[in-house]
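Residues per chain, in single letters:
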Amino acid sequence: MNSSSQQNQALPKSCIVGVIGAGTMGAGIAQVAANSAHTVILFDQSQEAVQRGLEFISSGLQRQVKRGKLTEPQRQSILDRIRPVTEIDALADCGLVIEAIVENLKIKQGLLAELEALCASDCILASNTSSISITALAAQMSHPERLVGMHFFNPAPVMKLVEVISGIATAPQVAHQVHATATEWGKLAVHAKSSPGFIVNRVARPFYAEALRIVEEGATDIATLDALVREAGGFRMGPFELMDLIGHDINYSVTCSVFEAYYQDPRFLPSLLQKALVDSGRLGRKSGQGFYSYADGAETVTPDDNLPSYAAPASIKVYGDLGVAEPLIERAASAGISVECLPIDGQEAFIEIGTVRLFLTDGRFAAERAATTRHANLAVFDLARDYSTSKRLAVAFADQSDDETRQATIGLFQALGITISILDDIPGLVLMRTVAMLANEACDAVNQGVCSVADADRAMIGGVNYPLGPLAWSDQIGTSSVFNCLNNLQQSYGEDRYRPSPLLRRMHFSGSRFHD
C-alpha cells in the first residue's frame, strides 16, 4: 500500500480501473471512470454482455452529443478508453476494481477471492452492493482491509451520490482514497459505516412507510397524498409514484431486508398493502399496473379538489409564534385580510377565525387537541416546505367541530391561494409525520456512527433528490417540535415505531440544532 497521505488523495489518472459486470450499473460506472480520463477494463463473462454494455454507453454518450453536452471527438475519446474483455486475467494490472454483479453474498465472495489472488496487493477492491454488508463480503478475504463499498445510484452517469462504505476491517486510508476518487469523478461522495441499508436505503424507509400507512388507514387517497408531498413538500415525486417507478418487488424487498437485518425493528415494518401488490404481480410501471395504471388510454388519477368556495375572513388573530408557519401571516395580509398578532403565555400558538382555532399539527389527533383545549371548533393543518409559496396543504377537523369550522378554515386558505386537501383526522397528517420520521431515522444513523450529520443530509439530497436534508429540515421546524411530534405519534398509536432517537431526545432537552 502507498503512504496514508497519498491514499487520502484521488487515484492518479494513470490508474487503470476495472469494472466487473457490464449490465446497466456496471456500464454506467465504466462510463463515469472513463469520462474522468481513466483507462477502464470492462469485464463480463460473455462477449454478448460486454457488447451490450458498450452499446449502452455509446448510446448514452450520443444523447449527450445531441444535447450539446459533449463533442463527437470527446464521445469517441471516452469510448476509446474502455477496453471490453471476457477474461478476468485482464484485470491484473488494475489499481481499482469495482464489482457490479448479482446481489448474492456467496457469488461476490467467490469473485473477491479470485481478485485477491489476481490483483496486486495495493489494488483497491470495491463493491457496488446496495444491500450486502461490506463486513460480510470481506469475511473470507486474506486482506479485508482493501475492500470498500462504492455504492453508485442508478443511472450512474447521472446520479451524483456515491456512498463509500467501510466494513469493520476496511482501512481508513482506503475509504478516504475512494472518497477522494469519487469526488474527482464529479460525484457527491459520503462516508458510511457498513450497516443495513447504509444511509439512503435506511433513512428513506419512512418516506414510503408513512404514506402506505396513511392510505391503509383510509385518511386519504394515493393521488391526494402524492400531490401533497409534491406541492406542499417540494419533493419531485410522491411516494406512490416513486414506488411504481422503482418497482414494488424491489422496494418491498429492500424494506423486508432492512426489517430483518434490524431484527424486526417495528420502525421498518413492511406494508401489507405493498405485499398485496407484489403478490398480485402489480409491480408498477414495468408491469403496467401498480398504484396507478400505465396501460394505454388509462385514466389519469388526480386529487378530488372540488371543494365549494367560501368567503375569506375579514380578519384573523394570531396568538403566539407560529414558527415555521409564520409566512402564512404575510400571505393573509397580502390577501387583504386584517391580521392581529397577540402574545400568548404557556400555550401553543394558533390562528383564530372568529370562534375557530387552527393549529399546526403536532402528532396528535385534532379531536384530542379539541378535548385538551376545550375548544370544539378546531382544525389542524400540515407542514409545508415553504409556507410562503406552498400551493397545497392538508387539513383535518376535530370530530367535535361544526360546519362553521370547516367553512372558515377552507375560506381562509382559499383566500391565500392554497388548495386544501381534507384528510380524515389522523396524527401528524402527511408531511409533518413523514419529515419527522425521516429526521428521526437520519438522527439515529448519526447516533449509531453510521454517518455524519452533513453526510446524512447530503446523501438524501444527492441520492433521492430530497428538497432538503432531513436534519436541516428538522432544524427549520425546530428540534423540539420534531421530538414532540414523534412522542405524540408514539402515544397516539401506542407503538415503538415512532420512538424518538436518543440523540434527538438529548438535543431536545439541550436546545441544540444539527447544523450551527
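This report concerns the structure included in the present document. (Residues numbered from 1 in each chain as written. Predicted model: local features only at pLDDT ≥ 70, side-chain atom pairs only at ≥ 80, totals over all residues. Heavy atoms only, no water.)

### Quick notes on the packing of aromatic side chains
Next up, step 1: Taken as a whole and assessed by the stated rule, the structure comprises 13 aromatic pairs.
Next up, step 2: Ring centres of F350 and F359 lie 5.3 Å apart, and the angle between their planes is 40 degrees; this geometry places the pair in the tilted category.
Next up, step 3: We classify F359 as buried; its relative accessible area is 3%.
Next up, step 4: One aromatic cluster is present, formed by F207, Y208, F235, Y466 and W473 through successive ring pairs.
Next up, step 5: Here R213 stacks its cationic end above the ring of Y493, 4.3 Å away from the centre of that ring. (Phe/Tyr/Trp six-rings, centres within 6.5 Å; stacked < 30°, edge-to-face > 60°. Buried < 20%, exposed > 50% of the residue type's maximum accessible area, 1.4 Å probe, protein only. Lys NZ or Arg CZ within 6 Å of the ring centre and 35° of its normal.)

### Here we look at the pattern of salt bridges
Next up, step 1: Evaluated as defined, the whole model comprises 29 salt bridges.
Next up, step 2: One connected set of salt bridges, linked through shared partners, spans R202, D265, R267, E441, D444, D496 and R499. (Salt bridge = Lys/Arg side-chain N within 4 Å of Asp/Glu carboxyl O.)

### Considering the layout of surface pockets
Next up, step 1: Its volume calculated, the largest pocket comes out at about 1200 Å³.
Next up, step 2: Along its surface, the largest pocket is lined by 37 residues, and F153, N154, N201, I246 and I250 are the ones closest to its centre.
Next up, step 3: Going through the elements one at a time, helix 2 (24–35), strand 6 (147–152), helix 8 (200–203), helix 9 (205–216), helix 11 (239–246), helix 12 (248–261) and helix 18 (453–464) are the ones with two or more residues in the lining of the largest pocket.
Next up, step 4: Sort the elements by how many residues they give to the lining of the largest pocket and helix 12 lands first, with four residues.
Next up, step 5: Considered class by class, the residues forming the lining of the largest pocket number 21 nonpolar, 13 polar and three charged. (1 Å grid on protein atoms, 1.4 Å probe; cavity = no way out; pocket = protein on both sides within 12 Å on 5 of 7 lines; lining within 4 Å. Points joined across faces, edges and corners; volume = space filled by probe spheres on them. Helix = DSSP H or I, 4+ residues; strand = E, 2+ residues; numbered from the N terminus. Nonpolar A, V, L, I, M, F, W, Y, C, P; charged D, E, K, R; others polar.)

### Concerning the packing of helix 9 against helix 17 (residues 431–447)
Packed helix pairs are specified by the crossing angle of their axes together with the interaxial distance, meaning the distance between the axes.
Next up, step 1: Viewed as axis vectors pointing N to C, helix 9 and helix 17 meet at an angle of 145 degrees, and their least axial separation amounts to 9 Å. Read as a crossing pair, helix 9 and helix 17 show a hand that is right-handed. In this structure, helix 9 uses P206, F207, E210, R213 and I214 to contact helix 17, whose residues at the interface are R433, T434, M437, L438 and E441.
Next up, step 2: Classifying every residue of the contact of helix 9 with helix 17 by side-chain character gives five nonpolar, one polar and four charged. (Axes fitted to C-alpha atoms, helices over the stretch in contact; angles between N-to-C directions. Left-handed = near helix turned anticlockwise from the far one by under 90°. Contact = heavy atoms within 4.5 Å.)

### Quick word on the sheet that holds strand 7 (residues 161–166)
Next up, step 1: If you trace the eight strands from one edge of the open sheet to the other, you get 3-2-1-4-5-6-7-8, paired in mixed fashion. Each end of this open sheet is capped by a strand with a single partner; those strands are strand 3 (82–85) and strand 8 (188–193). Neighbour to neighbour, the strand axes of the sheet diverge by 25 degrees on average, direction disregarded.
Next up, step 2: Pairing analysis gives three bridges linking strand 5 (residues 124–127) to strand 6, with the strands arranged parallel. Considered in strand 6, the bridge of L125 is made with L147.
Next up, step 3: Running at roughly 170 degrees to strand 2 (residues 40–43), helix 2 makes contact with strand 1 (17–20), strand 2, strand 3, strand 4 (96–99) and strand 6 of the sheet. (Pairing = 2+ DSSP bridges.)

### Concerning the environment of Y262
Next up, step 1: Assignment of secondary structure puts Y262 in the loop between helix 12 and helix 13 (272–279).
Next up, step 2: A residue is classified by how much of its surface remains accessible, and Y262, at 17% relative accessible area, is buried.
Next up, step 3: Distance from Y262 to S195, taken between C-alpha atoms, is 9.3 Å for residues 67 residues apart in sequence.
Next up, step 4: Every residue in contact with Y262, bar those within four places of it in the chain, is listed here: S195, P196, R202, F268 and Q448.

### With respect to a positive patch on the surface
Next up, step 1: Together, R63, K66, R67 and K69 make up a positively charged patch on the protein surface.
Next up, step 2: Relative to the helices and strands, R67 resides in the loop between helix 3 (47–66) and helix 4 (72–80).
Next up, step 3: Note on R67: relative accessible area 55%, which makes it exposed. (Patch = residues over 30% accessible without salt bridge, like charges linked within 9 Å, V, L, I, M, F, W, Y side chains within 5 Å. Areas by Shrake-Rupley, 256 points an atom, 1.4 Å probe, with all protein chains shown as cover. Lys, Arg positive; Asp, Glu negative; His and termini not counted. Charge placed at Lys NZ, Arg CZ, Asp CG, Glu CD.)

### Looking at helix 14 (residues 327–334)
Next up, step 1: Along helix 14, the residues that are buried comprise L328, I329, R331 and A332. The buried side chains of helix 14 occupy one side of the element, clustering within an arc of 165 degrees when seen end-on. Residues of helix 14 that are exposed and angled more than 90 degrees away from the buried face: E330 and S334.
Next up, step 2: Those residues of helix 14 that are buried lie in contact with strand 9 (315–319), strand 10 (338–342), strand 13 (378–381) and helix 16 (403–415).
Next up, step 3: Just downstream of helix 14 lies G336, where phi reads positive at about 85 degrees. (Arc of directions from axis to C-beta.)

### Quick look at the nonpolar core
Next up, step 1: Judged by nonpolar contacts, the single largest core of 127 residues is most densely connected at L115, F240, F381 and F413.
Next up, step 2: The leading source of residues in this core is helix 17, at 11 residues. (Core = buried A, V, L, I, M, F, W, Y, C linked by side-chain atoms within 4.5 Å.)

### Comments concerning the side chain of N128
Next up, step 1: Among the structural elements, N128 can be located in the loop between strand 5 and helix 6 (134–137).
Next up, step 2: Separated by 2.8 Å, the side chain of N128 and the backbone nitrogen of F152 make a polar contact.
Next up, step 3: With residues near it in sequence (within four places) discarded, N128 still touches M25, I29, I98, E99, A100, M150, H151 and F152. (Polar contact = N/O pair within 3.5 Å; in protein donor to acceptor, adjacent residues only side chain to side chain.)

### Side note on empty space enclosed by the protein
Next up, step 1: For the structure on display, the rule yields three cavities of 30 Å³ or more.
Next up, step 2: If you add up the space inside the largest cavity, you get close to 70 Å³.
Next up, step 3: What lines the largest cavity is R205, Y208, A209, L212, T255, R267, F268, L269, P270, S271 and Q274.
Next up, step 4: Here the residues of the lining of the largest cavity are counted per class, giving six nonpolar, three polar and two charged.
Next up, step 5: Of the voids in this model, the second largest cavity is the one considered here, and its volume is about 40 Å³.
Next up, step 6: Elements with a minimum of two residues in the lining of the second largest cavity: strand 9 and helix 14.
Next up, step 7: The element contributing the most residues to the lining of the second largest cavity is helix 14, with three residues.
Next up, step 8: Its residues assigned to classes, the lining of the second largest cavity shows nine nonpolar, no polar and no charged.

### Quick notes on the sheet that holds strand 10
By way of backbone hydrogen bonds, the strands of a sheet pair with one another, either parallel or antiparallel.
Next up, step 1: An order of 10-9-11-12-13-14-15 is seen for the seven strands of this open sheet, with the pairing classed as mixed. Strands at the two margins of the open sheet, each flanked by one partner only, are strand 10 and strand 15 (419–422). Neighbour-to-neighbour, the strand axes of the sheet open up by a mean angle of 30 degrees, direction not taken into account.
Next up, step 2: Where strand 9 meets strand 10, five bridges bridge the pair, whose relative direction is parallel. Bridged to V318 within strand 10 is C341.
Next up, step 3: Set on the sheet, helix 14 makes contact with strand 9, strand 10 and strand 13; between it and strand 10 the angle comes to about 150 degrees.

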